Amino acid sequence: MADCWNTDTGEAVYRSRDAVKNLKIKVRIERVTSTAALSQHLQQEVLSQQDRGAIELETLTSQGQTGDNEEELVVGWQEKLFSQYEMELFQNESACQTPLDRQYHTEVKALNRAKGRRNHRIFTYTDHDRYTNCLPFHQLQHSTDLLTTTKSSPTFLAERMASVRHRRQDRRTMDCSIPKSRIINWEPTEEFVKNSHVVNNAMQTMHIMGDLGPSGRLGQKENESLLVTIKTDGTGTVIVKPDFNKGKEPYRIVTEGEKREVWRLTVENISTTMKPEEKDREQNMYKDLYVRHKDYLSSLVGQDFEMPPVGILRYLMNGEIVSAKGFEYDNLYIHFFMELPNNWSSLPFQSLSGVTQTCRTKTLGKENVAFFSYPFSFEAFYMSEKESEESIPQWPVLYFKVLSLDSWQCYRTEGYGYLLFPAMPGKHTITCHTWRPLQTGTVSALRRFFIGGSPELEDHSYVRIPGTFKGERLSRFGFCTETTGSVTFNLHCIQQAKSFVDAAMMKKRRQKVFDHLGGFSQQGAICTILEAFQRARRKMQEARESLPRDLVTTTSQLQIESSA
Amino acid sequence: MAELHIIGQIVGASGFPENSLFCKWGVHTGGAWRLLSGLKEGQTQVDLPQIGDMAYWSHPIDLHYATKGLQGWPKLHLQVWHQDSFGRCQLYGYGYCHVPSSPGHHRISCVTWRPLGSWQEQLAQIFVGGGPQLRSPDLIYSGADRYRLHTEAMGTVELELGIIMRHFDKYGVDS
């Protein structure tokens, strides 16, 4: 009868978090001979007849044959099993060159003194053996099953692909550690160049081989054939070629030589699985570990956060004065201060003014630009009082003045400008243009050029709205100015208020522009909260009165806690 | 109890007189801030661009802060240095900027300046290099003494920072 072979001999990739030393594989090879086929056929017939009659059968299994025509072996990871050839080779001390050879020599001697090796035909090459590197290449030479015509040398691509998988240079990429010294390899060998062009993990390899020579003539190097290759990298990927049979048909191996014999190969994974209790225990341990890590992190962070009192908006501005450009003279510096309107306050140690360094400009494009990169931080508090809803809140203003200082120590006013604090929190990049007061006539221009005096503003708030202004129309008629350059600021604004928390909790984010402009439409939210609180308190008082006397004392305790 | 993640890179620098540049950077915070993980200072490699003006570092910044208050928001300070072909290093600029306080992706250009000495020192600087440096870069943060410095404008450092804020809205912070 025609046997069905499994022709799917590609590699299979498995991933497991378990240690690879728990891997155990059972390999079984058996030779397909005519008598074996016959006995198998007979066995099958008998088995199908067994339910009909009580024919007890000792099938024609000749003991002498099975010893040599089949073998079943359990192999662990990197377990070194010697072939007949290796046993003979490592028996004499003179053949040993490397320490590995000497170690094999001692092992072989121990095996000979003991019962002998437990394997017969099946043996292994572990990662340390020198054959592991060049095996697939040899297999390439004998890849006659691809083509009918015998082509002796593999193609260029096949050659390259064969050696791509095996990297023996750096075996320590188990955890992708990069050496701290000698990062650059100044003289790479050609193989290093070839292998480094492919992103590849170093694999530990193990080959399970079979000595498929005719019985009685084991130990010939030519009869060795590769049965199974197992590769793993340090991170839990296991590649098995060919894949486990899993109950399907066995694989077929055809030997070379004059007698082309057919062998059947079955590969099975018999690693012990974890017991369910152990699995549960492991999962619980992981869960525990993660919970503890989370607790540890949150304990590092802490629970408290500084918050402003109720009804107060804290406005925090981190910013920097970035640059100034387009001014007439060189060596610029900026003198700035903040002004807080009504209802705004700041902490006593908060500095409300500052002076930058003097910076010599450089030419960027068509303009001369000075870089200040001056960070400042500003914090202010807004007290929300009971006021009419129509009044638009006033935000603080930053007034600045650009001056230049020349080598004769003369100061000149270069420009005045102002910056209104943004109402919306977030990042703002603002460029403010400046002007300077001008006196008509040549005298002032000459004075400014030679000795550096120029008209200055007495009240800086004149730049925007003078502080002394009361009325409806601001008139600057008759005031002469000249446009000068511009100053760029980078501002990061943060607003914080308790009522923002309540709004978030009540999920009432009203998106009206006016609300955001005010930032304290939350004031309305505060009112509703207060009203709700008052209502709840009234209800509780009524309920308290209707309760009998002896319960009143306990509820009064509770009430004190809830109103705190 | 609020946490801040700063994940980004120092992309590179441009606009400096010479091109073989490296950058020393650091993040400075107030007392209420605590670094949970990440390196808060470092030094990039030296980059010499063959084409173009910009030296690219692509140096990663990955910080995780926990904070109890809004004061002392993290500030980034940078020092750009130049290494010439003889291996000598000279300062090319100091730059300071705040870490953004709104969540999202930000592209930041931090400008730099370099202290200037007297005209003799400037003349020597043209030929030999070197130049005055700040005794301690931290005195910049006090702010009060900056007016005494005489500086000149140098180039710009580009940064890309992604900001992730956690639990800030639970404490009523709107940014």
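Below is a summary of the structure that appears in this document. (Residues numbered from 1 in each chain as written. Chains lettered and ligands numbered in written order. Predicted model: local features only at pLDDT ≥ 70, side-chain atom pairs only at ≥ 80, totals over all residues. Heavy atoms only, no water.)

Time to look at the overall build of chain A. Per the secondary structure count, chain A includes 13 helices and 20 strands. Long-range pairs, those at least 24 residues apart, make up 73% of the contacts in chain A between residues at least 6 apart in sequence. When the accessible surface of chain A is summed, it comes to about 35100 Å², and 55% of that surface belongs to carbon and sulfur atoms. (Helix = DSSP H or I, 4+ residues; strand = E, 2+ residues; numbered from the N terminus. Contact = heavy atoms within 4.5 Å. Areas by Shrake-Rupley, 256 points an atom, 1.4 Å probe, with all protein chains shown as cover.)

Attention shifts here to the interface of chain B and chain A. Between chain B and chain A, the residue contacts involve 50 residues of the former and 42 residues of the latter. Summed over both sides, the interface between chain B and chain A buries roughly 3900 Å², with carbon and sulfur atoms accounting for 58% of that surface. Remark: the boundary between chain B and chain A carries zero salt bridges. The interface formed by chain B and chain A holds 19 residue pairs in polar contact (both at pLDDT 80 or more) in total. Listed by contribution, the elements that provide at least two residues to the side of chain B that touches chain A are β1 (2-14), β3 (33-37), β5 (55-67), β7 (89-98), β8 (104-115), β9 (150-166) and β10 (173-174) of chain B. Both strand β14 (residues 358-360) of chain A and β9 of chain B contribute to a ladder of three bridges, which runs parallel. Directly across from Cys359 of chain A, in β9 of chain B, lies its bridge partner Thr151 of chain B. (Buried area = accessible area lost by both parts, 1.4 Å probe. Salt bridge = Lys/Arg side-chain N within 4 Å of Asp/Glu carboxyl O. Polar contact = N/O pair within 3.5 Å; in protein donor to acceptor, adjacent residues only side chain to side chain. Pairing = 2+ DSSP bridges.)

Proteins that are soluble and globular tend to have nonpolar side chains buried together. One finds Leu4, Ile6, Trp73, Leu78, Leu159 and Phe168 of chain B to be the most contacted residues of the largest nonpolar core, which totals 39 residues. Listed by contribution, the elements that provide at least two residues to this core are β1, β2 (21-28), β5, β6 (75-83), β7, β8 and β9 of chain B. With six residues, β9 of chain B is the largest single contributor of residues to this core. Those residues in contact with Ile6 of chain B, other than ones at most four positions away along the chain, are Ile61, Asp62, Leu63, Tyr65, Pro74, Val99, Leu161, Gly162 and Ile163 of chain B. Counting 38 residues, the second largest nonpolar core, distinct from the first, contains Met317, Ile334 and Trp395 of chain A together with Val111 of chain B. (Core = buried A, V, L, I, M, F, W, Y, C linked by side-chain atoms within 4.5 Å. Buried < 20%, exposed > 50% of the residue type's maximum accessible area, 1.4 Å probe, protein only.)

Let's shift gears to the packing of aromatic side chains. Two aromatic rings are characterised by how far apart their centres lie and by the angle between their planes. A full pass over the atoms with the stated rule returns 30 aromatic pairs over all chains. Between Phe336 of chain A and Phe376 of chain A, the ring centres sit 5.5 Å apart and the planes meet at 45°, which makes this aromatic pair tilted. One end of the pair, Phe336 of chain A, is in strand β11 (residues 332-339); the other, Phe376 of chain A, is in strand β16 (residues 367-383), with 40 residues separating them in the sequence. Residue classification places Phe376 of chain A among the buried positions, given a relative accessible area of 8%. Ring plane angle 90° and centroid distance 5.0 Å describe the contact between Phe449 of chain A and Phe450 of chain A, whose orientation is recorded as edge-to-face. For the residue pair Phe449 of chain A and Phe450 of chain A, the accessibility class agrees, reading exposed in each case. Aromatic rings pair up to connect Phe305 of chain A together with Trp33, Tyr65, Trp73, Phe168 and Tyr171 of chain B into one cluster. If you follow Arg412 of chain A out to its NZ or CZ, it ends over the ring of Tyr329 of chain A, 4.5 Å from the centre. Positioned above the aromatic ring of Tyr462 of chain A, the side-chain terminus of Arg476 of chain A is 5.0 Å from the ring centre. (Phe/Tyr/Trp six-rings, centres within 6.5 Å; stacked < 30°, edge-to-face > 60°. Lys NZ or Arg CZ within 6 Å of the ring centre and 35° of its normal.)

Moving on, we come to a negative patch on the surface. Together, Asp18, Glu277, Glu278, Asp280 and Glu282 of chain A make up a region of like negative charge exposed at the surface. Following the sequence through the fold, Asp280 of chain A ends up in helix α8 (residues 276-301). (Patch = residues over 30% accessible without salt bridge, like charges linked within 9 Å, V, L, I, M, F, W, Y side chains within 5 Å. Lys, Arg positive; Asp, Glu negative; His and termini not counted. Charge placed at Lys NZ, Arg CZ, Asp CG, Glu CD.)

All names here are of chain A. Ordered in space as β1-β7-β6-β5-β4, the five strands form an open sheet in which the pairing is antiparallel. Two strands lie at the open edges of the sheet, namely β1 (12-15) and β4 (122-125), each paired on one side alone. The mean inter-strand angle of the sheet, taken between neighbouring strand axes irrespective of direction, is 25°. (Axes fitted to C-alpha atoms, helices over the stretch in contact; angles between N-to-C directions.)

So, on to empty space enclosed by the protein. Taken as a whole, this structure holds four cavities of 30 Å³ or more when the rule is applied. Here the second largest cavity is characterised by a volume of approximately 40 Å³. Counting only elements with at least two residues in the lining of the second largest cavity, the list comes to β10 (312-325) of chain A together with β7 and β8 of chain B. (1 Å grid on protein atoms, 1.4 Å probe; cavity = no way out; pocket = protein on both sides within 12 Å on 5 of 7 lines; lining within 4 Å. Points joined across faces, edges and corners; volume = space filled by probe spheres on them.)

Residue and element names in this part refer to chain A. By the secondary structure assignment, Arg217 is in the loop between β5 (204-211) and β6 (224-232). Take Arg217: its relative accessible area is 52%, and that puts it in the exposed class. Along the chain, Arg217 and Gln84 lie 133 residues apart, while their C-alpha atoms are 9.7 Å from each other.

Residue and element names in this part refer to chain A. Each neighbour pair has its own omega, and for Lys241 with Pro242 the value is -5°, a cis peptide bond. Structurally, the position occupied by Pro242 is in the loop between β7 (237-241) and β8 (251-254). One non-glycine residue, Gln409, lies in the positive phi region at around 65°. Classification of Gln409 as exposed rests on a relative accessible area of 57%.

Residue and element names in this part refer to chain A. Using the criterion set out here, one finds 23 salt bridges over all chains in the structure. Across the pair Lys246 and Asp243 runs a salt bridge whose closest N-O atoms are separated by 3.4 Å. Via salt bridges that share partners, Lys26, Arg28, Glu30, Glu70, Glu72 and Arg264 belong to a single interconnected network.

We now examine the side chain of Asn245 of chain A. All names here are of chain A. Positionally, Asn245 belongs in the loop between β7 and β8. Judged by relative accessible area, Asn245 falls into the buried class, the value being 2%. Within the structure, Asn245 has its side chain in polar contact with the backbone oxygen of Glu249 (distance 2.8 Å). Not counting chain neighbours up to four residues away, the residues in contact with Asn245 comprise Asn6, Pro250, Tyr251, Leu265, Thr266 and Val267.

Quick look at the layout of surface pockets now. Empty space among the atoms becomes apparent when a probe as large as a water molecule is rolled across them. Residues and elements named next belong to chain A. Of the pockets and cavities examined, the second largest pocket occupies roughly 740 Å³. Together, 26 residues line the second largest pocket, and Arg15, Ser16, Arg17, Asp18 and Ala19 are the ones closest to its centre. Ranked by the residues each element gives to the lining of the second largest pocket, the list is headed by α8, at four residues. Here the lining of the second largest pocket is built from residues that sort into nine nonpolar, 11 polar and six charged. (Nonpolar A, V, L, I, M, F, W, Y, C, P; charged D, E, K, R; others polar.)

The next thing to look at is the sheet that holds strand β9 (residues 262-269) of chain A. All names here are of chain A. The strand order β3-β2-β9-β8 describes an open sheet built from four strands, whose pairing is antiparallel. Each end of this open sheet is capped by a strand with a single partner; those strands are β3 (70-76) and β8. Neighbour-to-neighbour, the strand axes of this sheet turn through a mean angle of 25°, independent of strand direction. Judged from the four bridges that link them, β8 and β9 form a sheet pairing that is antiparallel. Each residue of the ladder has a partner; that of Tyr251, found in β9, is Leu265.

Residues and elements named next belong to chain A. Helix length check: helix α4 (residues 99-113) (15 residues) gives 21 Å between terminal C-alpha atoms against 21 Å at 1.5 Å per residue, within 8%. All of the buried residues in α4 are Asp101, Tyr104, His105 and Val108. Each buried residue of α4 sits inside an arc of 110° when the element is viewed along its axis, so together they form one side. Away from its buried face by more than 90 degrees, α4 exposes Pro99 and Arg113. Those residues of α4 hidden inside the fold are in contact with α3 (84-89). (Expected span 1.5 Å × (residues − 1). Arc of directions from axis to C-beta.)

Just distances and angles here, no functional claims.
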